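Here is how the chains run, residue by residue.
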Amino acid sequence: MAPLPSSSGPSVHERGDEMDVDREPPPTRADQHAGNAAPADVSRPRAASVPATLRESAYQVGYVYSSKMMSHSCAQGHCEQPERISRIFDILRENHCLEKMKKLPIRRVLREEALLVHSQALWDKVLALHSLTEQDIADSEAYYNDLSLYVHPSTSYAAQLSAGGVIEASLAVARGEVKKAFAIVRPPGHHAEPDEHMGFCFFNNVAIAARVVQLRTTVKRILILDWDVHHGNGTQRAFYDDPSVLYISLHRYEGGNFYPNGPFGSMTSCGEGPGIGFSVNIPWPEGGMGDADYILAFQKIIMPIAMEFSPDLVIISSGFDAAEGDDLGECHVSPAGYAHMTHMLSSLAGGKLVVALEGGYCLDAISASALAVTRVILGEMPPQLPPLTASEVATETIFQVCMEQSKYWKNVNPKACEPIEEVEQIAFSLPELLKAHRQEYLFREHGMLEVPLMSQALIERFSAQVACTSDIMDNETLVLFVHEFGNLAVELDSVMTCNVRQEHSYLIDCSKELLTWAKNEGYAVLDVNVFAKPFPKAKSKHTDDYGGAVLVYLWDNYVQLTAARRVVLVGHGPGCAAVMSLMQQRAESVLKSVLGVVQVVGLHNIPATPKDTPALRQWYYENSIVIVPLNHPIFHDSKTLKKHGSIFRIDEAKPIKLIIKAMPGIQSFIKEKFGLTTGVNGKARR
């Protein structure tokens, strides 16, 4: 077999120190959470004669954090809990992110800074909380419950630190000390209005930071993108008549019946006076929105408007309560979805980006989402998303928002957002056109014929997606190749809007090389494209194993009826899961006919190995190869690693290029297997 490259990456030393330049009040039990105090001289000023180190100058990303903000807590328990920030800090440290980031100083917000947004009365009210006794807290519980707040003697200090932390992160980016920054702070701020604290928020951290940046730096035009599941009423109100700050919010609205309630978060709430058009609301009419819905809103509304506005700085009000698993938000945005949205926003303002934590109340979801966002601001590419289809509800909402915002922004094109139902009778989807082309190509170049499907469910999902060579019934050797649709490589008129330049776009189909080679070698081929077309108007949250179902159908009704008794299974990308499903469901016949298994996995999770049949597990271990990129997560999971026999690492992240680079080794493996016969016990003989 031709050699496949393999290598292992170096380990990285971790560090997780804390530094607070504000030294009061005295440390509490929460202060020791991180468990590793700063070195004694960490805040000592550097002598002017000492040159800055290369490491310090190499920092491109900063972060703000202090465990002192954990002192704001509720004795009865509350979803806005101190562990929200500590879990984020811990996961960033465990994944070696903090050692690549500059620890920025944190301090309390100054009175004159807070008064750029808030009234003197609110400032006094929040600062007075430090003198509350336990009896005062008990007596005022009903009052604060009405405001969706809880209070503690440390609340005022934590709120001041939270606001000051976002200020310092924003100033560091605006002044060029770092390119991007993450403010890991609490309590959140976007509900706090100029005259009132509410909704877990005391000071409006992001609004104050934006005003301070405008006052103290040359940055004047600021985009605030709020993806918290709740409308940031306080932030929108702070800039409602100000054209220098563009506020955009995606949130659950439900006709004004979702917190903070009322019409202020509606799509027609667009600003007033000189600020008309500079408030953009994308109000979801129900819960359950996911990656496809949010990314479509970015492509059709947020990025076109942001590009036209051309900000000097982008601040994300980054609540993670729209994340999958958050019971308060009840939406389904994945960590990868947040990563892609962050990546798009990073293309604005010359890369100057601040991420400021807002809501998010599921500790697992908030930490995983924060890690995904941090990896992107550190320069990593966002992970690959599966094929996405936005829901009808989201598509209609986006169309209506486009109609409203097109009054103020030239880049917003309502026609490009028109729901497919409006033109369904005269429309062809790109997958349908490309399937028809591929079917014609396979027949013309390789004499391959469409394999008919009898099940209505499979016909609706996989029609024209299964083809075989004409010798399949008589040939003793068969390559069963299972893959997804291929990659569409498109040239865009603009990376911001994702409008396609059709004449410079094409389909990259990794099957061409394998099919040509197999035909020249005299092997029969069964080609299965497991890109499942959803039912018309069906939601895109199917969890059933449709890929496995179509393979089992083909195995029972075609492969088992042919003369093929020497079969190799080749899975590419999501097709690997279907291959594993077939092996699991038809273990006995697989052991009799299949000589080898190839999985080209890319950055997808490696499918589980067979579980129920010991003989099949052992056979798979001895007769399979798995091809992955160098940085695949399997190498951090020793248990999974041991279940797969031969794993080859290739210095290529994109699945299409991965299989091209691995093709000589794959061909050699298949030829080797077809030159042997294999017994049930996995031992090969000539």
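What counts, and at which threshold
- Residues numbered from 1 in each chain as written.
- Predicted model: local features only at pLDDT ≥ 70, side-chain atom pairs only at ≥ 80, totals over all residues.
- Heavy atoms only, no water.
- Helix = DSSP H or I, 4+ residues; strand = E, 2+ residues; numbered from the N terminus.
- Buried < 20%, exposed > 50% of the residue type's maximum accessible area, 1.4 Å probe, protein only.
- Contact = heavy atoms within 4.5 Å.
- Areas by Shrake-Rupley, 256 points an atom, 1.4 Å probe, with all protein chains shown as cover.
- 1 Å grid on protein atoms, 1.4 Å probe; cavity = no way out; pocket = protein on both sides within 12 Å on 5 of 7 lines; lining within 4 Å.
- Points joined across faces, edges and corners; volume = space filled by probe spheres on them.
- Nonpolar A, V, L, I, M, F, W, Y, C, P; charged D, E, K, R; others polar.
- Pairing = 2+ DSSP bridges.
- Axes fitted to C-alpha atoms, helices over the stretch in contact; angles between N-to-C directions.
- Phe/Tyr/Trp six-rings, centres within 6.5 Å; stacked < 30°, edge-to-face > 60°.
- Lys NZ or Arg CZ within 6 Å of the ring centre and 35° of its normal.
- Patch = residues over 30% accessible without salt bridge, like charges linked within 9 Å, V, L, I, M, F, W, Y side chains within 5 Å.
- Salt bridge = Lys/Arg side-chain N within 4 Å of Asp/Glu carboxyl O.
- Lys, Arg positive; Asp, Glu negative; His and termini not counted.
- Charge placed at Lys NZ, Arg CZ, Asp CG, Glu CD.
- Core = buried A, V, L, I, M, F, W, Y, C linked by side-chain atoms within 4.5 Å.
- Parallel < 35°, antiparallel > 145°, perpendicular 65-115°, else oblique.
- pLDDT = per-residue confidence, 0-100.

**Here's the deal with the overall build of the chain**
Check the secondary structure of the chain and you find 22 helices and 20 strands. Here the chain, with 686 residues, has 55% of them falling under the buried criterion. Long-range pairs, those at least 24 residues apart, make up 77% of the contacts in the chain between residues at least 6 apart in sequence. Of the roughly 29,500 Å² of accessible surface on the chain, 53% is carried by carbon and sulfur atoms.

**Notes on empty space enclosed by the protein**
Per the stated rule, a full pass over the model turns up three cavities of 30 Å³ or more. In this structure, the largest cavity occupies an estimated 110 Å³ of space. The wall of the largest cavity is formed by 14 residues, among which Arg438, Gln439, Leu442, Ala464 and Gln465 lie closest to the centre. Within the lining of the largest cavity, the residues separate by chemical class into seven nonpolar, three polar and four charged.

**As for the sheet that holds strand β7 (residues 313-318)**
Here we have eight strands laid out as an open sheet, ordered β2-β1-β3-β8-β7-β4-β5-β6, and parallel in their pairing. Pairing within the sheet leaves two strands with one partner each, and these edge strands are β2 (102-103) and β6 (279-284). The strands touched by helix α2 (residues 83-94) within the sheet are β1 (61-64), β3 (180-183) and β8 (353-357), with β8 carrying the most contacts at an inclination of about 130 degrees.

**Examining the packing of aromatic side chains**
Under the definition given, this model contains 14 aromatic pairs. Among the aromatic residues, ring-to-ring pairing joins Trp227, Phe320 and Tyr338 into one connected group. Above the plane of the ring of Tyr546 lies Arg461, whose end atom (NZ or CZ) is 3.7 Å from the centre.

**So, a positive patch on the surface**
On the surface, Lys611, Arg617, Lys639 and Lys643 cluster together into a positively charged patch. With respect to the element layout, Arg617 can be found in helix α20 (residues 614-622).

**A look at helix α11 (residues 335-345)**
Note that an α-helix has 3.6 residues per turn; residues three or four places apart therefore point the same way. Of all eleven residues in α11, eight are buried; the element is thus mostly enclosed. Each element contacted by the buried residues of α11 is listed here: β4 (222-226), α10 (291-309), β7, β8 and α12 (363-377).

**Here's the deal with the nonpolar core**
Residues Trp227, Leu250, Phe298 and Leu345 are the most contacted members of the largest nonpolar core, which totals 122 residues. Discounting chain neighbours no more than four positions away, the residues touching Leu250 are Leu225, Asp226, Trp227, Asp228, Ile282, Trp284, Tyr294, Ala297, Phe298 and Ile302.

**Quick word on the packing of α10 against helix α13 (residues 392-405)**
One can describe the packing of α10 onto α13 by two numbers: an axis separation of 9 Å at closest approach and a directional angle of 10 degrees. Judged by the inter-axis angle, α10 sits roughly parallel to α13. On α13, the residues touching Asp293, Leu296, Ala297, Lys300, Ile301 and Ile305 of α10 are Ala394, Thr395, Ile398, Val401, Cys402 and Gln405. Residues belonging to the contact of α10 with α13 are distributed by class as follows: eight nonpolar, two polar and two charged.

**Thoughts on the confidence of the model for the chain**
With 82% of its residues at a pLDDT of at least 70, the chain reaches an overall mean of 85. Low pLDDT, under 50, characterises residues 6-57; the stretch is placed with 74 contacts to residues that sit more than four places away or in other chains. Confidence drops under a pLDDT of 50 for residues 677-686, and excluding neighbours within four residues, the segment shows 20 contacts in the predicted structure.

**Digging into the pattern of salt bridges**
Within this structure, the stated rule accounts for 19 salt bridges. In this structure, the salt-bridge partner of Asp242 is Arg211, at a minimum N-O distance of 2.7 Å. Here Asp242, found in the loop between α9 (233-238) and β5 (245-252), pairs with Arg211, found in helix α8 (residues 205-216); they are 31 residues apart in sequence, far enough to count as distant. Its relative accessible area of 12% is what places Asp242 among the buried residues. Note that Glu652 and Lys661 form a salt bridge whose closest N and O atoms lie 3.8 Å from each other. What makes Glu652 buried here is its relative accessible area of 17%. In this structure Lys661 comes out as partly exposed when scored by relative accessible area, which is 48%. One salt-bridge network, held together by shared partners, links Arg107, Glu113, Glu168 and Arg216.

**Describing the sheet that holds strand β16 (residues 594-600)**
The mixed open sheet is built from eight strands, whose spatial order is β9-β10-β14-β11-β15-β16-β17-β18. Of all strands in the sheet, those with a lone pairing partner are β9 (449-450) and β18 (646-650), marking the two edges. Sheet topology places β16 next to strand β17 (residues 624-629); four bridges connect them, and they run parallel. Each residue of the ladder has a partner; that of Val598, found in β17, is Ile625. Where helix α17 (residues 546-557) meets the sheet, it contacts β10 (466-468), β11 (477-483), β14 (524-529), β15 (566-572) and β16, and its direction lies at approximately 155 degrees from that of β14. Against the sheet, α20 makes contact with β16 and β17, and its axis sits at roughly 65 degrees relative to β16, the strand it touches most.

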